[in-house]
Amino acid sequence: MKLRRLAELTAVAAVALTLAACGSNKQSSSKGTGNYAADQTVNWMESSQLPTMDISLATDEISMNMLNNTNEGLYRLGTNNKVEAGMATKTKISKDQKTWTFTLRKNAKWSNGDPVTAQNFVYSWQRTVNPKTAAQYSYIFDGVKNADKIMKGKAPVSSLGIKADGKYKLTVALEKNIPYFKLLLGYVPFFPQDQAFVKKEGKAYGTKASAVLSNGPFKIEGWTGTNDSWKLVKNNSYWDAKNVHLKTLNDQVTKDPGTALNLFQSGKLDEAVLSGNQVKNMLNNKDMHVLPMSRSAYLEMNHKKVPAFKNQKIRQAISLALNRNALTKDVLSDGSFAAKGFVTKGLAKNPKTGADFTKDADSNGTGVSYNTAKAKQLWKQGLKEIGKKSVSFTLMTDDTQQEKQTGEYVQSQLQKELPGIKVSLNAIPYKQRLAKSADHQFQMVLTLWGADYSDPSTDLDIMTSDNSYNNGQWKNTEYDKLIERAGNEDANKPEARWNDMVKAEQILMKDQGVIPLFQSTMPQLLNAKVKGVIYNTAGTPFNFKNMYVSK
């Protein structure tokens, strides 16, 4: 998934960490005392429907945002992804950084009144890595003892490196040092789940508000699974409820940015995301904020559905025919900028020199350059190699404005520059596109991926041969070996690990395993009276815990 401006990674010290309760010491007040307005209600916009509230199955930004604000893991991630108090009050880490012991708070409860226990974490992690669950995010548990073996069906789920020592003590065993493990522990896939509740709800779990349980600042209400509006309401069972000031967040789907702008200007929305010329026109507005994102848009090609995509020259020709600067500046005009590679710009810096990853990995623009003459040449050669005079395929996109505009540009540009190519478009709802991508039911798809944490591996790992997010099923043995080495043999050698990842990126771009297009920004209008919103460019973008409405 997902997104945002990244905190620098640091090695985790082998010391005990005691976390103080986060949040303001001010008390919330429905009467509007202090700086708080009497009505603590915010009207928020979403571009698409909410796909799921199942912690094990969530993959998209909207689901992650909702789960991040209705639930909580061992840690909570604050401004700049700073680790803050969550379910854990104390953490002890062994000298080799492979054994983590957590003491859980005894006053944490689920929204139905049940206590949050260590077993809830054990069950949740085991459920996610269990092959029967078919969780796309199971791969992110790589490094937790036996996780990979379990996912491959070579070890029992019970052997996962996590165990409960009573109700409030949790021990996690790692197979290797994971430098960004603290960040992972504040990320949705690592959150707890109540086994009794999950079993009780069965297939309905996570598909509607009544089949969702919360241990975080808010609860979800009014969500049927298919409707365009729902609410987050304050969860009075939350351990730190006294520091949650917002009473209600009304969430509504508004796909058209023009409609969103009108609703914001008329006071019916407190937050709206714009696009195109709206951004230019609103830049001087005090409520306008162009938020950075570690989120990339790229084309995935299904080699099994379209055999022509197996040819490297065909893939390279398609990429070279696309003018990314024209797409971002003339078509989208929303602050997005041309991709520098597959890994996003600003995500991570060289541990020795401080250089951005995209600078170190750049090979004279390989994989992201615009050159129509070379595109035509490679296209002609590629067609000859596959014995074809033409290639036809359908490009699948979301039905939101940015994605439809991108699809139309790709279609027009390719048919203009590459003789014999025919591109059809299929714009479908976000939720459907996610499902079809996961099932490999597409020929070419416009994919949006956001960084889960501030390290190149969050992007590069998904392109390994067996990763569930490698929807196009591109394969390269050398690439797989480099990613494997970075995560194991060189895991504790920062410079060697960095070089492994740089080489992997260069292979991906040279072979054109995917076609990066642009890196997104979020042009957001936010009511000046809405305060305390935490936004991060990597991981789950929004943390609403400290949000409130000022007078």
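Residues numbered from 1 in each chain as written. Predicted model: local features only at pLDDT ≥ 70, side-chain atom pairs only at ≥ 80, totals over all residues. Heavy atoms only, no water.

Teacher, can you tell me more about the overall build of the chain here?
The helix and strand inventory of the chain stands at 16 helices and 22 strands. Taken over the C-alpha trace, the chain has a radius of gyration of 23 Å; the compact-globule value for 551 residues is 24 Å, and the two agree within 12%. Expressed as a percentage of contacts within the chain between residues at least 6 apart in sequence, the contacts between residues at least 24 apart total 72%. Summed over its atoms, the accessible surface of the chain is roughly 22,100 Å², and 47% of this surface lies on carbon and sulfur atoms. Each charge class in the chain was averaged separately, 74 positive and 51 negative side chains, and the resulting centres sit 2 Å apart. (Helix = DSSP H or I, 4+ residues; strand = E, 2+ residues; numbered from the N terminus. Rg over C-alpha atoms; globule rule 2.2 N^0.38 Å. Contact = heavy atoms within 4.5 Å. Areas by Shrake-Rupley, 256 points an atom, 1.4 Å probe, with all protein chains shown as cover. Lys, Arg positive; Asp, Glu negative; His and termini not counted. Charge placed at Lys NZ, Arg CZ, Asp CG, Glu CD.)

Just to check I follow, could you spell out helix H1 (residues 61-70) for this structure?
For an α-helix, 3.6 residues make a turn, and residues three or four places apart therefore share a direction. Within H1, 10 of the 10 residues are buried, leaving the element largely enclosed by the surrounding structure. Residues of H1 that are buried include every one of Glu 61, Ile 62, Ser 63, Met 64, Asn 65, Met 66, Leu 67, Asn 68, Asn 69 and Thr 70, and no others. Between the side-chain oxygen of the N-cap and the backbone nitrogen of Ile 62 there are 3.1 Å, and the N-cap of H1 in question is Asp 60. (Buried < 20%, exposed > 50% of the residue type's maximum accessible area, 1.4 Å probe, protein only. Polar contact = N/O pair within 3.5 Å; in protein donor to acceptor, adjacent residues only side chain to side chain.)

I would appreciate a short explanation of unusual backbone geometry in the present structure.
Glycine aside, a negative phi is what most residues show, and trans is what most peptide bonds show. Positive phi outside glycine occurs at Asn 146, with the angle close to 70°. With respect to the helices, strands and loops of the structure, Asn 146 is situated in the loop between helix H2 (118-129) and helix H3 (147-151). Residue Asn 146 is classed as buried on the basis of its relative accessible area of 13%. Phi at Gln 512 takes a positive value of approximately 50°, unusual for a residue other than glycine. Relative to the helices and strands, Gln 512 resides in the loop between helix H16 (494-510) and strand S18 (515-526).

Would you mind going over the sheet that holds strand S11 (residues 248-253) with me for this structure?
Adjacent strands of a sheet form backbone hydrogen bonds with each other and so pair up, either parallel or antiparallel. Strand order in the open sheet formed by four strands is S2-S11-S10-S9, and the pairing between neighbours is mixed. Pairing within the sheet leaves two strands with one partner each, and these edge strands are strand S2 (41-46) and strand S9 (218-221). Taking the axes of each pair of neighbouring strands and ignoring which way they run, one obtains an average angle of 25° across the sheet. Where S9 lies against strand S10 (residues 229-234), four bridges are found, and the strand directions are antiparallel. (Pairing = 2+ DSSP bridges. Axes fitted to C-alpha atoms, helices over the stretch in contact; angles between N-to-C directions.)

So what exactly am I meant to see when it comes to the packing of aromatic side chains here?
Note on aromatic pairs: each is described by the distance of the centres and the angle between the planes. Scanning all chains against the criterion turns up 24 aromatic pairs. Ring geometry for Trp 44 against Phe 542: centres 5.3 Å apart, planes inclined by 80°, an arrangement best described as edge-to-face. With Trp 44 in strand S2 and Phe 542 in strand S21 (residues 542-543), this pair connects stretches of sequence that are 498 residues apart. The exposure class of Trp 44 is buried, given its relative accessible area of 2%. Three or more aromatic residues joined by ring pairs form one cluster here, namely Tyr 137, Tyr 139, Tyr 187, Trp 449 and Tyr 469. Residue placement shows Arg 105 over the ring face of Trp 239; its charged tip is 3.5 Å from the ring centre. (Phe/Tyr/Trp six-rings, centres within 6.5 Å; stacked < 30°, edge-to-face > 60°. Lys NZ or Arg CZ within 6 Å of the ring centre and 35° of its normal.)

Mind showing me how you'd approach the environment of Lys 154 here?
Mapped onto the secondary structure, Lys 154 falls in the loop between H3 and strand S7 (162-164). Linking Lys 154 and Gly 86, residues 68 residues apart in sequence, is a C-alpha distance of 33 Å.

How do you make sense of the nonpolar core when you look at a structure like this?
Considering soluble globular proteins, one finds that nonpolar side chains tend to be buried as a cluster. One finds Phe 102, Trp 125 and Phe 181 to be the most contacted residues of the largest nonpolar core, which totals 114 residues. Here this core takes seven residues from H16, the largest share from any one element. Look past the residues within four positions of Trp 125 in its chain and what remains in contact with it is Phe 141, Val 144, Leu 160, Ile 162, Val 172, Phe 181, Leu 185, Phe 190 and Phe 191. Core analysis: the second largest hydrophobic core is formed by 34 residues, Ala 308, Leu 322, Leu 332 and Phe 518 among them. (Core = buried A, V, L, I, M, F, W, Y, C linked by side-chain atoms within 4.5 Å.)

What should I look at first to understand the pattern of salt bridges in this one?
Counted under the stated rule, the structure contains 14 salt bridges. Among the ionic pairs, Lys 376 bridges to Glu 417, the shortest N-O distance being 2.6 Å. Here Lys 376, found in helix H11 (residues 372-386), pairs with Glu 417, found in helix H12 (residues 401-417); they are 41 residues apart in sequence, far enough to count as distant. For Glu 417, a relative accessible area of 9% translates into the label buried. Asp 490 is paired through a salt bridge with Lys 493; the nearest N and O atoms lie 3.9 Å apart. Asp 490 sits in the buried class, given a relative accessible area of 6%. (Salt bridge = Lys/Arg side-chain N within 4 Å of Asp/Glu carboxyl O.)

Hey, could you run me through the environment of Val 502 in this one?
Counting through the fold element by element, Val 502 comes out in helix H16. Residue Val 502 is classed as buried on the basis of its relative accessible area, which comes to 9%. Separated by 29 residues in the primary sequence, Val 502 and Gln 473 place their C-alpha atoms 21 Å from one another.

Please clarify how H2 should be interpreted in this entry.
Between its first and last C-alpha atoms H2 spans 17 Å; for 12 residues at 1.5 Å apiece the expected length is 16 Å, and the two agree. With respect to burial, H2 is a largely interior element, 11 of its 12 residues being buried. When H2 is considered as a whole, its buried residues turn out to be Ala 118, Asn 120, Phe 121, Val 122, Tyr 123, Ser 124, Trp 125, Gln 126, Arg 127, Thr 128 and Val 129. Buried residues along H2 sit against strand S6 (99-104), H3, S7, strand S8 (169-173), helix H4 (181-185) and helix H5 (195-201). (Expected span 1.5 Å × (residues − 1).)

Please explain the packing of helix H15 (residues 477-487) against H16 as it appears in this structure.
Two packed helices can be described by the angle between their axes and the distance between those axes. Contact pair H15 / H16: the axes reach a minimum separation of 9 Å and the direction vectors enclose 160°. With respect to H16, the element H15 is oriented roughly antiparallel. Where H15 crosses over H16, the two elements pack in a sense that is left-handed. Here Glu 478, Tyr 479, Leu 482, Ile 483, Arg 485 and Ala 486 of H15 come into contact with H16, specifically with Arg 497, Asp 500, Met 501, Lys 503, Ala 504, Glu 505, Ile 507 and Leu 508. The residue inventory of the contact of H15 with H16, partitioned by class, reads eight nonpolar, no polar and six charged. (Parallel < 35°, antiparallel > 145°, perpendicular 65-115°, else oblique. Left-handed = near helix turned anticlockwise from the far one by under 90°. Nonpolar A, V, L, I, M, F, W, Y, C, P; charged D, E, K, R; others polar.)

Please clarify how the pairing of S18 should be interpreted in this entry.
Looking down a regular strand, the side chains alternate between one sheet face and the other. Among the 12 residues of S18, 12 are classified as buried, and the element is accordingly described as predominantly covered. Bridging between strand S12 (residues 271-273) and S18 involves three bridges; their strand directions are antiparallel. Counterpart to Ala 272 in the pairing with S18 is Leu 525. In terms of strand pairing, strand S13 (residues 288-301) meets S18 through nine bridges, oriented antiparallel. Considered in S18, the bridge of Tyr 298 is made with Pro 516. Relative to S18, strand S14 (residues 337-338) runs antiparallel, the two sharing two bridges. Counterpart to Ala 338 in the pairing with S18 is Phe 518.

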